[in-house]
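Per-entry structural report
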Amino acid sequence: MLLFPLLLGATLLCLGSGSYQRPFYNGFYYNHVMNDKGDSHEKTAYFNGAKLVVETPKDPVYSFNGANVTLPCHYHYEPDLESKRKIRIKWSKLRDDYTKEQDVLVAIGKTSVAFGDFQGRASLRQAGRREASLVVSDLRLQDDGKYRCEVIDGLEDESNVVDLRLQGIVFPYQPPRGQYRLNFHEAEQACREQGAVVATFSQLLQAWSEGLDWCNAGWLADGTVQYPIRLPRKPCGGLHLAPGIRSYGQRHRHLHRFDVFCFSSTLRGEVVYLERPAGMTLEEAKQACQDAGAEIARVGQLYAAWKFLGLDRCDAGWLADGSVRYPIAKPRANCGPAEPGVRNFGFPRTGRFGVFCYKER
Ligand SMILES: *[C@@H]1O[C@H](CO)[C@@H](O)[C@H](O)[C@H]1NC(C)=O
């Protein structure tokens, strides 16, 4: 894959010349999500001499696409006390940029109401005394993120946060029209079409820590544009910068155009390779998958099969977006670079190849 030099204006390049910061490593996180006591996941509100304490796990809760998950939350009083009031519980989901919260569920006593996308999927688990855990079933990619468990006892109101992380993979995406063609809304659409969603900063950071190095800037879910660099080099922010996530900060969601980082989770189905002796055109490839009771695989499905199912095939195949790629789990001669990865031939106008099909189990 060619690494394009970043042909961006001087305003962007100056980010690479000394003013680079890790915008999300600073106090921002701690001020907004954690609390005044740093990373202690125990928050308190005082009233009548007793304090209300809400506890959530400090470590992230890991799950995967399609699974059911419980986000633990418990509360108690110090010193212990029987509250006569009816406790209200409210769960909300924090946005990546912490600007707004999305309502998930509210409950009073045994009655609860879930909202929006969580209707029919979210419920409260109150098995233990003073438990306020949230159960979400049939997890979706966009459920990944931080959730606030809020306990309201009369006027007292205390909350704490649970971090839900879906097992998944981040991949950079460029559309057939080429590099830096997507505004934010088109980027969302492009990921959706690949069976994925726009990645969050924490997903990109995780991918970077696992080895992702990509010298093209892409949109993230919070509207910032960033790219992950393991090996500092001149066209990718410069040699003098430490490895890390290079950030262009917030960009205009309509006017500015970049690539995108998409996030795709584990699969319920499988990806198989079909071939014909003479190869196939894209149209023939789509038909071949249909004839096999499957559909042509999307880019996110190929990445997920490579990462989670160890898919390894040293033959190029069509994908739904008209790109041609192949997944290598065990690098070897004549199968691309020395690192495992999904190799990309771009979007050939002509040519005959095999095809990757996706089949639900
Ligand atoms: C999730 O829970 C629902 C019931 O709420 C159940 O029908 C379903 O089988 C569960 N799914 C998994 C993957 O455990």
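Calculation criteria
- Residue indices begin from 1 for each chain and proceed along its sequence in written order.
- Side-chain atom pairs in this predicted model are given and counted only at pLDDT of 80 or more, local residue features only at pLDDT of at least 70, and totals for whole chains, interfaces and linings cover all residues.
- Computation of side-chain values: all heavy atoms of the structure, hydrogens and water removed.
- UniProt positions are given in the numbering used here, feature names are shortened, and annotations may be inferred rather than shown by experiment.
- For the exposure calls, accessible area comes from a 1.4 Å probe over protein chains only, and a residue counts as buried if that area is under 20% of its type's maximum, exposed if over 50%, partly exposed in between.
- Each helix corresponds to a stretch of at least 4 residues labelled H or I by DSSP, and each strand to a stretch of at least 2 residues labelled E; elements are numbered beginning at the N terminus.
- Strands are treated as partners if at least two bridges between them are detected by DSSP.
- Axis angles are defined between N-to-C directions and span 0 to 180 degrees, where every axis is a line fitted to C-alpha atoms and, for a helix, only to the segment in contact.
- Summarising the geometry, the arc corresponds to the directions from the helix axis toward the C-beta atoms.
- Throughout, a contact is declared for two residues whenever any of their heavy atoms are within 4.5 Å.
- By convention in this document, the label disulfide applies to cysteine sulfur atom pairs within 2.5 Å.

Identification of the protein chain as Hyaluronan and proteoglycan link protein 3 from Dromaius novaehollandiae is taken from an unreviewed UniProt entry. The protein chain has a UniProt comment under Sequence similarities (unreviewed entry) that states "Belongs to the HAPLN family."

Burial runs high along strand S24 (residues 354-359): five of the six residues are buried. Where strand S19 (residues 270-274) lies against S24, five bridges are found, and the strand directions are antiparallel. Note that in S24 the partner of Val 272 across the bridge is Cys 357. Sheet topology places strand S20 (residues 295-296) next to S24; two bridges connect them, and they run antiparallel. Across the sheet, residue Glu 295 finds its bridge partner in S24, namely Tyr 358. Summarising the sheet, strand S21 (residues 317-318) and S24 pair through two bridges and their orientation is parallel.

Here we have six strands laid out as an open sheet, ordered S3-S12-S11-S6-S7-S8, and mixed in their pairing. The sheet is open, and its two borders are formed by strand S3 (61-63) and strand S8 (111-114), each paired with just one other strand. Ignoring strand direction, the axes of neighbouring strands in this sheet form an average angle of 25°. In this sheet, S8 lies alongside strand S7 (residues 101-108) in antiparallel orientation, the contact comprising four bridges. Counterpart to Ile 108 in the pairing with S8 is Thr 111.

A separate point is helix H5 (residues 282-291). If you check which residues of H5 are buried, you get Leu 282, Ala 285, Ala 288 and Cys 289. Across the axial projection of H5, the buried residues extend over an arc of 115°, all falling on one side. For H5, the exposed residues set more than 90 degrees away from the buried face come down to Glu 283, Gln 290 and Asp 291. Residues of H5 that are buried sit in contact with S19, S20, S21 and S24.

A few words on the state of the cysteines. Inspection of every chain in the model, using the stated rule, returns five disulfides. Put simply, Cys 73 and Cys 149 are joined by a disulfide, and their sulfur atoms are 2.0 Å apart. Its S-S torsion of about -80° marks the bond between Cys 73 and Cys 149 as left-handed, since a negative value means left-handed. Of this pair, Cys 73 sits in the loop between strand S4 (69-71) and strand S5 (74-78) while Cys 149 sits in strand S11 (residues 145-153), placing them 76 residues apart in sequence. The buried category is assigned to Cys 149, whose relative accessible area is 0%. Two residues share a disulfide in this structure: Cys 289 and Cys 357, whose sulfurs sit 2.1 Å from each other. Handedness of the Cys 289-Cys 357 disulfide follows from its S-S torsion of about -80°: it is left-handed. Taken together, the residues span a long stretch of sequence, with Cys 289 in helix H5 and Cys 357 in strand S24 at a distance of 68 residues. Note on Cys 289: relative accessible area 0%, which makes it buried.

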